[in-house]
Amino acid sequence: YRLLWVVVAANAIAIVLQVAVSLVTAATGSNLATLIAQRWPRLSPAFWAIFQGAAMATDVAEFSGIVLGVELLFHLSLLASVAIGLIIIAAVLACTDRRSKALEYGLIGAVALISIGCLYQIPLLHPIWSAVALGAITPRVPDAGALVLVIGIIGATVMPHNLFLHSSLIEKNYENCDPLERRRRHSFFTKETFVALNVAALINGGILIVGAALHGADGSMQHAFASLLPLGGGAAVIFGGALLISGVAASTTATVSGDYIFAAFSPVKISSAVRRAVTIVPAAIVIASGISITNLLVWSQVALAFVLPVVLVPLVLIMLSMRGKGLAAIGYRLTGLVAGVSFLCAGFDAVMIVQILHP
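Not measured: the values here are computed from a predicted model. (Residues numbered from 1 in each chain as written. Predicted model: local features only at pLDDT ≥ 70, side-chain atom pairs only at ≥ 80, totals over all residues. Heavy atoms only, no water.)

Student: When you look at the overall build of the protein chain in this model, what are you seeing that I'm missing?
Tutor: The helix and strand inventory of the protein chain stands at 14 helices and zero strands. Going from the N terminus to the C terminus, the protein chain shows its helices and strands as α-α-α-α-α-α-α-α-α-α-α-α-α-α. Relative to the globule expectation of 21 Å for 359 residues, the C-alpha radius of gyration of the protein chain, 20 Å, shows essentially globular dimensions. Along the first, second and third principal axes, the C-alpha atoms of the protein chain reach 60 × 45 × 45 Å. Buried positions account for 49% of the 359 residues belonging to the protein chain. Split by element, the accessible area of the protein chain, about 16,400 Å² in all, is 70% carbon and sulfur. (Helix = DSSP H or I, 4+ residues; strand = E, 2+ residues; numbered from the N terminus. Rg over C-alpha atoms; globule rule 2.2 N^0.38 Å. Buried < 20%, exposed > 50% of the residue type's maximum accessible area, 1.4 Å probe, protein only. Areas by Shrake-Rupley, 256 points an atom, 1.4 Å probe, with all protein chains shown as cover.)

What follows is the structure in structure tokens.
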């Protein structure tokens, strides 16, 4: 409960950044990855390594949701679950490639199903609502161990690769638009972002509430699943299903993001299918090796938080360079917010590094 404020703060950060990226894309007609690669061509290989690594780290966390969901629901082995997960992602990507809006509609459906799962489970666990309210509005880090979770929640909520994905998806909606139409569409995407990220924040908060009501379940998804079995009514099945659905949705977006990042920054030109395989196959191999999925979940998200400032600094510089250019006119207020977020994220990362070096 005491970490719920992190979900609230991280969600606010995510909204600011997504709105900024949407405005930059509307103003230039180009996605963020392409803009960075064109502005700093000599740094493209370094950017590629960092951002591609972030997409791969994300896929480790998200693909593990698929594996856990399959394991818990169908009692299959680790290797079989990994193989089924790869087949599911390949099938989803093949279907979404045939329909331009299929990915967006699929993600909306996945979020709706996960929301229903959270709403179903929370009343069964009788959380302490006064503690929930206090935790949501009182910033505090209970101990050094919680700092890792704070950083991880920020990385899992903001997700640098999603800035590239969001920019690339809406870029297609700005093609052949005059400035007035771009303004109108940007207004729509801003509202859409606000609604979507607030729904996601409620889901993330619900996950923490469920975990707290289960007394942490020893930090294990398997123990959480077992703890829900006595509640009856399919609570455990819904938990496993939510893991599977969220894993499929998130792993798909991470893989597509890796595709966009690879295409923008890599000096090597290869097919989209190979670019996607480069993102997801290493994640599958790491998970199949038997490393603790719980540790992979936490530390892969921490890695995303460390990558975030590397995305935000170029974004701030691009925004500053666009000031006073018609639709591209971006005021100091939004630019200042993004710069402030950059310093905040870098500060958290610095504290984390100090904590690792001097525990």
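From this point on, the discussion continues.
Student: Please clarify how the packing of aromatic side chains should be interpreted in this entry.
Tutor: One pair of aromatic rings is described through two measures. These are the centre distance and the angle between the planes. All told, the structure shown has seven aromatic pairs when counted by the stated rule. Ring centres of Phe-51 and Phe-164 lie 4.9 Å apart, and the angle between their planes is 55 degrees; on these two criteria the pair is classed as tilted. A residue pair is termed long-range when its members are at least 10 positions apart, and Phe-51 in helix α3 (residues 44-74) and Phe-164 in helix α8 (residues 160-171) qualify at 113 residues. We classify Phe-164 as buried; its relative accessible area is 1%. Seen in terms of ring centroids, Phe-164 and Phe-265 are 6.2 Å apart; in terms of plane orientation they differ by 80 degrees. Their pairing is edge-to-face. Placement of Phe-164 in helix α8 and of Phe-265 in helix α11 (residues 235-265) is noted, with a sequence separation of 101 residues between them. You'll find Phe-164 and Phe-265 in the same group, each marked buried. Here the aromatic residues Phe-47, Phe-51, Phe-164 and Phe-265 are joined through ring pairs into a cluster of three or more. (Phe/Tyr/Trp six-rings, centres within 6.5 Å; stacked < 30°, edge-to-face > 60°.)

Student: Please clarify how a nonpolar patch on the surface should be interpreted in this entry.
Tutor: A cluster of nonpolar side chains, Val-111, Phe-194, Val-195 and Val-199, forms an exposed patch at the surface whose accessible area comes to about 320 Å². Top contributing element to the nonpolar patch by residue count: helix α9 (residues 179-213), with three residues. (Patch = residues over 30% accessible without salt bridge, like charges linked within 9 Å, V, L, I, M, F, W, Y side chains within 5 Å. Salt bridge = Lys/Arg side-chain N within 4 Å of Asp/Glu carboxyl O.)

Student: Explain unusual backbone geometry here, please?
Tutor: A negative phi angle is the norm for most residues apart from glycine, just as the trans form is the norm for most peptide bonds. Despite not being glycine, His-126 shows a phi value in the positive range, around 50 degrees. Position of His-126 among the secondary structure elements: in the loop between α5 (102-125) and α6 (129-137). Given the relative accessible area of 65%, His-126 is considered exposed. In this structure, Met-159 is a non-glycine residue whose phi angle is positive, near 50 degrees. Along the chain, Met-159 falls in the loop between α7 (144-158) and α8.

Student: In this structure, what is going on with α7? I would like to understand it.
Tutor: Since one α-helical turn is 3.6 residues long, residues separated by three or four positions face the same way. Its 15 residues give α7 an end-to-end C-alpha distance of 22 Å, which sits within 8% of 21 Å, the value for a rise of 1.5 Å per residue. Among the 15 residues in α7, eleven count as buried, and that is most of the element. Every buried residue belonging to α7 is among Ala-146, Leu-147, Val-148, Val-150, Ile-151, Gly-152, Ile-153, Ile-154, Gly-155, Thr-157 and Val-158, and all of these are buried. If you follow the buried residues of α7, they end up packed against α1 (4-28), α8, α9, α13 (293-321) and α14 (332-357). (Expected span 1.5 Å × (residues − 1). Contact = heavy atoms within 4.5 Å.)

Student: Could you clarify how one ought to interpret the side chain of Arg-276 in this entry?
Tutor: By secondary structure assignment, the location of Arg-276 is in helix α12 (residues 272-288). Setting aside its immediate chain neighbours within four residues, Arg-276 contacts Leu-93, Asp-97, Thr-255 and Asp-259.

Student: Sorry, what's going on with the packing of α1 against α6 here?
Tutor: Packed helices, taken two at a time, are described by their axes: the angle between them and the distance between them. Axis separation between α1 and α6 bottoms out at 6 Å; the angle between their running directions is 45 degrees. Between α1 and α6, the angle is such that the two are oblique. Here α1 runs over α6; the crossing is right-handed. From α1, Leu-4, Trp-5 and Val-8 reach across to α6, where they touch Val-132, Gly-135 and Ala-136. Here the contact of α1 with α6 is built from residues that sort into five nonpolar, one polar and no charged. (Axes fitted to C-alpha atoms, helices over the stretch in contact; angles between N-to-C directions. Parallel < 35°, antiparallel > 145°, perpendicular 65-115°, else oblique. Left-handed = near helix turned anticlockwise from the far one by under 90°. Nonpolar A, V, L, I, M, F, W, Y, C, P; charged D, E, K, R; others polar.)

Student: What's the story with the nonpolar core in this structure? I'm lost.
Tutor: One broad rule of soluble globular proteins: the nonpolar side chains tend to lie buried together. In terms of nonpolar packing, the biggest core is built from 53 residues, with Leu-32, Phe-164 and Phe-265 touching the most fellow members. Among the elements that line this core, the one with the most residues is α1, at 15 residues. Sequence-distant contacts of Leu-32, defined by excluding residues within four places in its chain, comprise Val-21, Leu-163, Phe-164, Ser-167, Val-311, Leu-315 and Ile-318. Membership of the second largest hydrophobic core comes to 37 residues, among which are Val-60, Val-132, Ala-213 and Leu-228. (Core = buried A, V, L, I, M, F, W, Y, C linked by side-chain atoms within 4.5 Å.)

These results come straight from atomic positions and should not be treated as a statement about function.
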